[in-house]
Amino acid sequence: MKYFPGSRARFKSAIWRCNMQKIKKPLSSAKDQRLQNDSFDKNNNNNINKNIQLENWSIPANLIQDIQRADFPISSFPATMQDAINEVFCYVKAPIELISTCALTALSVCCQGLALVRRDSALIGPIGIYSLVIAESGERKTTCDSFFIKPLREYQLQSELDTKKEKDFYDTLTKKYEKSKKALLQKLEKQPEGSPEEEIKKELNELYDSKPVQPTAKKFIYADTTPEALAWSLYNNWKIAAIISAEAGEFFGSTAMRPESLKLSLSILNNLWDGSEVIVDRKVSESFVLRNACLTTGLQVQSSVLNNFLNKNGTLARGSGFLPRFFVVNPVSTQGYRTYEEAHDKWVALEIFRNRILTLLSNIKTDENNSIIFRNITLNKAAKDLWSNYHNSVEYKLRPNNDYCNLKDFASKSSDNVARLATLFELYKNETATEISEATMHSAIQVGQWYLDETNRFFNGVQIPKEIAMAKIVEEWLVDYCSTRDTNVIKKADIGQRVTNCARETYQRSLAILESKNRLKTFKNGKKIFVGLNPHIYDDY
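Residues numbered from 1 in each chain as written. Predicted model: local features only at pLDDT ≥ 70, side-chain atom pairs only at ≥ 80, totals over all residues. Heavy atoms only, no water.

Chemist: I'd love a proper account of the nonpolar core, names of residues and values included.
Modeler: Residues Phe148, Leu152 and Leu272 are the most contacted members of the largest nonpolar core, which totals 114 residues. A total of 11 residues in this core trace back to one element, the largest contributor, which is helix H5 (residues 96-111). Those residues in contact with leucine 152 that lie beyond four places of it in its chain are Ala106, Val109, Cys110, Phe220, Ile221, Ile357, Leu358 and Leu361. Among the nonpolar cores identified, the runner-up in size contains 25 residues, and Ile468, Ile490, Tyr507 and Leu514 belong to it. (Core = buried A, V, L, I, M, F, W, Y, C linked by side-chain atoms within 4.5 Å. Buried < 20%, exposed > 50% of the residue type's maximum accessible area, 1.4 Å probe, protein only. Helix = DSSP H or I, 4+ residues; strand = E, 2+ residues; numbered from the N terminus. Contact = heavy atoms within 4.5 Å.)

Chemist: Describe in detail the environment of leucine 207, supporting the description with residues and values.
Modeler: By the element assignment, leucine 207 lies in helix H7 (residues 198-209). The class of leucine 207 is buried, set by a relative accessible area of 13%. When residues no more than four places from it in sequence are discounted, the contact partners of leucine 207 are Tyr177, Ser180, Lys181 and Leu184.

Chemist: Please set out the sheet that holds strand S14 (residues 528-533) residue by residue, giving values where relevant.
Modeler: Pairing is antiparallel across the open sheet formed by 3 strands, whose spatial order is S12-S14-S13. Both outer strands of the open sheet, strand S12 (489-491) and strand S13 (520-525), are each paired with one neighbouring strand and no more. Between one strand and the next, the sheet's axes are offset by a mean angle of 30 degrees, whatever the strand orientation. Summarising the sheet, S13 and S14 pair through 6 bridges and their orientation is antiparallel. Paired with lysine 521 across the bridge in S14 is glycine 532. Of the strands in this sheet, S13 and S14 touch helix H20 (residues 507-516), which is tilted by about 110 degrees from S13. (Pairing = 2+ DSSP bridges. Axes fitted to C-alpha atoms, helices over the stretch in contact; angles between N-to-C directions.)

Chemist: I'd like a description of the packing of helix H4 (residues 79-92) against H5, backed by residues and values.
Modeler: As a packed pair, H4 and H5 sit with axes 10 Å apart at the nearest point and diverge in direction by 135 degrees. By the angle class used here, H4 and H5 are oblique. In the packing of H4 onto H5, the handedness of the crossing is right-handed. Between H4 and H5, the contacting residues are Met81, Ile85, Asn86, Val88 and Phe89 on the first element and Ile96, Ile99, Ser100, Ala103, Leu104 and Leu107 on the second. Taken together, the residues of the contact of H4 with H5 break down into 9 nonpolar, 2 polar and no charged. (Parallel < 35°, antiparallel > 145°, perpendicular 65-115°, else oblique. Left-handed = near helix turned anticlockwise from the far one by under 90°. Nonpolar A, V, L, I, M, F, W, Y, C, P; charged D, E, K, R; others polar.)

Chemist: Explain the sheet that holds strand S10 (residues 375-379) residue by residue, including any values.
Modeler: Backbone-to-backbone hydrogen bonds pair the strands of a sheet. The strands run either parallel or antiparallel. Ordered by their spatial adjacency, 4 strands build an open sheet running S2-S1-S10-S11, and the pairing between neighbours is mixed. The outermost strands of the open sheet, each flanked by one partner alone, are strand S2 (124-125) and strand S11 (435-436). Alignment of S10 against S11, held across 2 bridges, turns out to be parallel. Paired with threonine 378 across the strands is glutamate 435, a residue of S11.

Chemist: Go over H20 with me, naming the residues and quoting the values.
Modeler: Among the residues of H20, those classed as buried are Tyr507, Ser510, Leu511, Ile513 and Leu514. Projected onto a plane normal to the axis of H20, the buried residues spread over an arc of 160 degrees and lie on a single side. Here the buried face of H20 lies against helix H17 (466-484), helix H18 (492-498), helix H19 (501-504), S13 and S14. A positive phi of about 60 degrees marks asparagine 518, the residue just after H20. (Arc of directions from axis to C-beta.)

Chemist: Can you explain the pattern of salt bridges? Please cite residues and give values.
Modeler: Considering all chains together, one arrives at 16 salt bridges under this definition. For glutamate 351, the salt bridge goes to arginine 354, with nearest N and O atoms at 3.0 Å. Placement of the pair is glutamate 351 and arginine 354 together in helix H12 (residues 348-362), with a separation of 3 residues, close to one helical turn. On the basis of relative accessible area, glutamate 351 is assigned to the partly exposed category, the value being 34%. One salt bridge connects glutamate 475 with lysine 472, and the closest N-O pair in it is separated by 3.8 Å. Taken together, the residues span about one helical turn, with glutamate 475 and lysine 472 both in helix H17 at a distance of 3 residues. Across the pair, lysine 472 and glutamate 475 agree in class, each one buried. Shared partners join several salt bridges into a network, and the residues in it are Lys472, Glu475, Arg519 and Asp540. (Salt bridge = Lys/Arg side-chain N within 4 Å of Asp/Glu carboxyl O.)

Chemist: Break down the side chain of serine 100 for me, citing the residues and quoting the values.
Modeler: Inspection of the secondary structure puts serine 100 in helix H5. Classification of serine 100 as buried rests on a relative accessible area of 0%. Setting aside anything within four residues of it in sequence, one finds serine 100 in contact with Phe72, Ile74, Phe77 and Ile85.

Chemist: I'd like a rundown of the pairing of strand S9 (residues 326-329), residues and numbers included.
Modeler: In S9, alternate side chains face the same way, and those of Phe326 and Val328 on one face and Phe327 and Val329 on the other are all buried. In terms of strand pairing, strand S3 (residues 130-134) meets S9 through 4 bridges, oriented parallel. Along S9, the bridge assignment pairs valine 133 with valine 329.

Chemist: Can you lay out the environment of alanine 79 for me, pointing to particular residues and giving the numbers?
Modeler: Residue position: alanine 79 is located in helix H4. Judged by its relative accessible area of 53%, alanine 79 is exposed. As a C-alpha pair, alanine 79 and lysine 429 span 350 residues in sequence and 9.2 Å in three-dimensional space.

Chemist: Report on the packing of aromatic side chains, specifying residues and quantitative values.
Modeler: Geometrically, a pair of aromatic rings is defined through the distance of the ring centres and the angle of the planes. Here the structure, examined in full by the defined rule, presents 23 aromatic pairs. Ring centres 5.1 Å apart and planes at 35 degrees place the aromatic pair tyrosine 235 and phenylalanine 288 in the tilted group. Linking tyrosine 235 in helix H8 (residues 227-236) with phenylalanine 288 in strand S7 (residues 288-290), this pair joins segments that are 53 residues apart in sequence. Assessed through its relative accessible area of 30%, tyrosine 235 is described here as partly exposed. Judged by its relative accessible area of 3%, phenylalanine 288 is buried. When the ring of phenylalanine 458 is compared with that of phenylalanine 459, the centres are 5.2 Å apart and the planes differ by 85 degrees; the resulting orientation is edge-to-face. Taken together, the ring pairs connect Phe72, Phe77, Phe327, Phe425, Trp450 and Tyr451 into an aromatic cluster. Taking the ring centre of phenylalanine 459 as reference, the NZ or CZ of arginine 318 above it sits at 4.9 Å. (Phe/Tyr/Trp six-rings, centres within 6.5 Å; stacked < 30°, edge-to-face > 60°. Lys NZ or Arg CZ within 6 Å of the ring centre and 35° of its normal.)

Chemist: So what's going on with a negative patch on the surface? Residues and values would help.
Modeler: Taken together, the side chains of Glu198, Glu199, Glu203, Glu206 and Asp209 make up a negatively charged region of the molecular surface. With respect to the helices and strands, the residue glutamate 206 is situated in helix H7. (Patch = residues over 30% accessible without salt bridge, like charges linked within 9 Å, V, L, I, M, F, W, Y side chains within 5 Å. Areas by Shrake-Rupley, 256 points an atom, 1.4 Å probe, with all protein chains shown as cover. Lys, Arg positive; Asp, Glu negative; His and termini not counted. Charge placed at Lys NZ, Arg CZ, Asp CG, Glu CD.)

Chemist: Account for the environment of isoleucine 129, with residues named and values stated.
Modeler: On the secondary structure map, isoleucine 129 appears in the loop between S2 and S3. Exposure remark for isoleucine 129: the relative accessible area of 1% places this residue in the buried category. Each C-alpha atom of the pair isoleucine 129 and leucine 295 lies 7.8 Å from the other, and the pair is 166 residues apart in sequence. Here isoleucine 129 is in contact with Leu104, Ser108, Thr296, Thr297, Phe327, Arg420 and Leu424, once residues within four sequence places are set aside.

Quick look at the structure:
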C-alpha cells in the first residue's frame with residue numbers, strides 16, 4: 001500500500017532539514033530539556049553525523065515499487081465490440097476498463113458453451129473467464145453491467161416461460177407413459193409360467209425408449225447462490241452458468257465464503273474454471289458428479305469488502321488458485337468529471353453487440369442427455385508462435401527480482417487466460433471458426449498483458465510482502481526518531497531497544513533490506529555499530 005505519511009513526520013523532517021542548513025528554529029524549553037536528557041549521546045555523535053552528511057549519497061531505490069498504469073487497450077477489441085463499449089462510455093462516462101470488462105463478461109457467457117481451446121494435444125480447456133472489478137460506490141457498476149447483461153436476462157426469462165408451457169405438455173405425456181407402462185407390467189405378471197414373454201418385453205423396451213424427456217429451462221445467470229447450490233443446479237439443468245454481481249459483497253460475505261465452507265466452495269469454482277469434474281458427496285441428500293459444465297464469473301466489489309475478505313481468507317483464496325484465475329481491474333475513478341449527456345435515441349452499436357452475443361448463445365448445442373456438444377478450436381502456426389512467446393516471456397519474469405516475482409500465482413495462469421480471450425474474440429467475429437488467427441492472438445495478448453500488469457499494480461499496493469511491510473515500519477520509526485533529535489545517525493543497539501514493538505524481532509532483517517535499497521548504511525565507529533540514513537529518503541516523508 002502506498003505510504004502517505006502524517007503531518008507529524010513531515011514536520012519533523014522539515015525541522016531536521018532546517019538543522020542541516022543551520023537555520024534556527026524555536027523550541028519550547030520543555031522539549032529542549034527532553035532532548036538534553038535523552039540517552040542518545042548527541043555530543044559523541046556530532047562528528048559522525050557530520051561525516052555521514054558529507055558523503056555522496058545516491059538516490060535510494062523505492063522500498064515499495066510504484067507500478068505505472070498503462071492505458072486500457074480498447075483498440076484491441078473486435079471492431080463492433082469497441083463501438084458498443086464507446087457508445088456506452090459516451091453516455092455513462094464510467095471508467096473505460098470497467099465498461100470493457102462488463103462487455104467481456106457478457107461475451108464469455110455466450111461463447112463458453114460453443115468450443116474448447118486446443119493449445120496443443122495435451123492443453124485443451126474451457127474458454128470462460130473470471131473477472132473482478134474493484135470500484136467504489138458511485139462508479140456506476142450496476143449501470144454498466146445492465147447495458148450488456150440485460151439481453152441475457154431477458155433471454156433467460158423467455159426460456160423459463162417457454163419451458164413452463166413445455167412442462168404442461170410433458171406432464172400429459174408422462175401420465176400417458178406411466179399408464180402404458182403399468183398396463184404392460186401387469187400383462188407381464190399375468191402371463192402363465194412358461195409362456196413366451198418376448199413380445200411384451202419388446203413392447204416395454206420400446207416404451208422405455210420413448211419416455212418423455214423433461215424440458216430444461218436455460219437458467220444460467222446467478223447472483224446470490226452458493227457454489228454447491230450452483231453445481232447442483234448445473235447438474236439438473238443447462239450446463240452453462242454465470243455468476244454476475246455488480247455488488248459482490250453478497251458473494252464474498254456469503255456463508256459459502258466462511259472458513260468452514262471456503263475450501264469446498266473454492267474447489268468447486270476452481271474445477272468449473274478448469275473444466276474438471278465436480279464431485280459433491282453428501283451424507284443426507286443425493287451425492288452427484290457434475291461433468292462438462294462451464295462457468296463465467298463477473299464480480300464487482302468495493303475495496304473495503306474485498307480487503308475484509310482478503311484479511312480473513314486471502315491466504316487460502318490465493319493459495320488455492322481461486323483469485324489468480326481472475327482478470328483483476330481497479331479502475332481510476334471518473335467521479336467529478338461526468339457531465340450529463342442526453343441518452344441516445346438509438347443505441348445502434350450496442351444493439352449490434354447484443355444481437356451478436358444472443359446469436360452466439362442460441363448456437364450452443366446439447367445432446368439427448370442435455371450435455372453440451374463442444375468443438376475444439378486450435379491456434380494456427382503464427383498464433384501458436386505468438387502465444388508460446390508470450391508464455392515464455394511471462395515465465396521468465398517469474399524469476400527473482402523480475403516483474404512478476406511477487407505475482408507468480410496470477411502470472412502463471414496468464415497465458416491460459418490469453419488463449420481464452422483469443423478464442424472469445426475469434427468466435428465473436430466468426431462463430432464457425434476452427435482456428436485462431438495471428439491477428440486475433442496479438443489482440444488477446446495486448447488485453448491479457450494489460451490485465452496482468454493491472455493485477456500486479458493492484459496487489460503490489462494492497463498486499464505488500466510481510467518483510468517489506470516490517471522494513472517500512474522500521475524506516476518510519478528511524479525517520480521519526482532521527483528527525484526529532486536533529487540527526488540522521490543512530491546506534492544500531494538503540495534500534496533494537498527502542499523500535500516499535502511489532503518490528504523488534506525482525507529489525508535486523510529490516511535493516512538489511514533497507515541497506516540493500518540504499519536507504520541507509522551501517523558502519524563501525526570504534527567498537528560501536530551505527531546506522532546512517534540516506535538524506536534522500538526524507539523526500540518520501
